[in-house]
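# Structural overview
One letter stands for each residue in the lines below.
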Amino acid sequence: QVQVVESGGGLVQPGGSLRLSCAASGSIFSIYSMGWYRQAPEKARESVAVIFSGGSANYADSVKGRFTISRDNAKNTVYLQMNSLKPDDTAVYYCNADVRTIVAGRGSYWGQGTQVTVSS
């Protein structure tokens, strides 16, 4: 089994910064990608940033230039540095790990989510 655990959410004022962390653990053989998604109230879940095994990354247009995704391969951990936060960034942020496990093959695993609130 694979566990995905996020941390680092909270309340921040507009213009502020937060750093989210996500660690994947368990019977992981390899990681195809890890990424961050978010869901605001009454809105669909959307992709924020994804980093692939080769090191390339994709960002939503709304966060380009403000958010940076990075990873620590040794720890199966990804980070999301969020700068210049706006009220529209308020959402529950979920981490996803697309991995190949030792026993069950390829699978997609989600964390429980962490709340980010941008408000004055």
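About the cut-offs
For every chain, the first residue of the written sequence is number 1, and numbering continues from 1 along that sequence. In keeping with the model being predicted, local features are shown solely for residues with a pLDDT of at least 70 and side-chain atom pairs are shown and tallied solely at 80 or more, while totals for entire chains, interfaces and linings include all residues. The side-chain quantities take in all heavy atoms of the structure and omit both hydrogens and water. The salt bridge definition used is simple: a Lys or Arg side-chain nitrogen within 4 Å of an Asp or Glu carboxyl oxygen. A simple rule labels every residue: compare its accessible area, found with a 1.4 Å probe on the protein chains alone, to the largest value its type can have, and call it buried under 20%, exposed over 50%, or partly exposed in between. Every helix listed is a DSSP run of H or I at least four residues long, and every strand listed is a run of E at least two residues long, numbered separately from the N terminus.

### Details of the pattern of salt bridges
Tallied over the full model, the rule gives five salt bridges. Here Glu 46 makes a salt bridge to Arg 38, at a shortest N to O gap of 2.6 Å. Linking Asp 98 and Arg 106 is a salt bridge whose minimum nitrogen-to-oxygen distance equals 2.6 Å. For Asp 98, a relative accessible area of 14% puts it in the buried group. One salt-bridge network, held together by shared partners, links Arg 38, Glu 46, Arg 66 and Asp 89.

### Structural notes on unusual backbone geometry
In this model, Glu 42 sits at a positive phi of 65°, which is unusual for a non-glycine residue. Within the fold, Glu 42 resides in the loop between strand 4 (28-39) and strand 5 (46-52). We note that Ser 84 has phi near 50°; this positive angle belongs to a residue other than glycine. One can find Ser 84 in the loop between strand 8 (77-82) and strand 9 (91-101).

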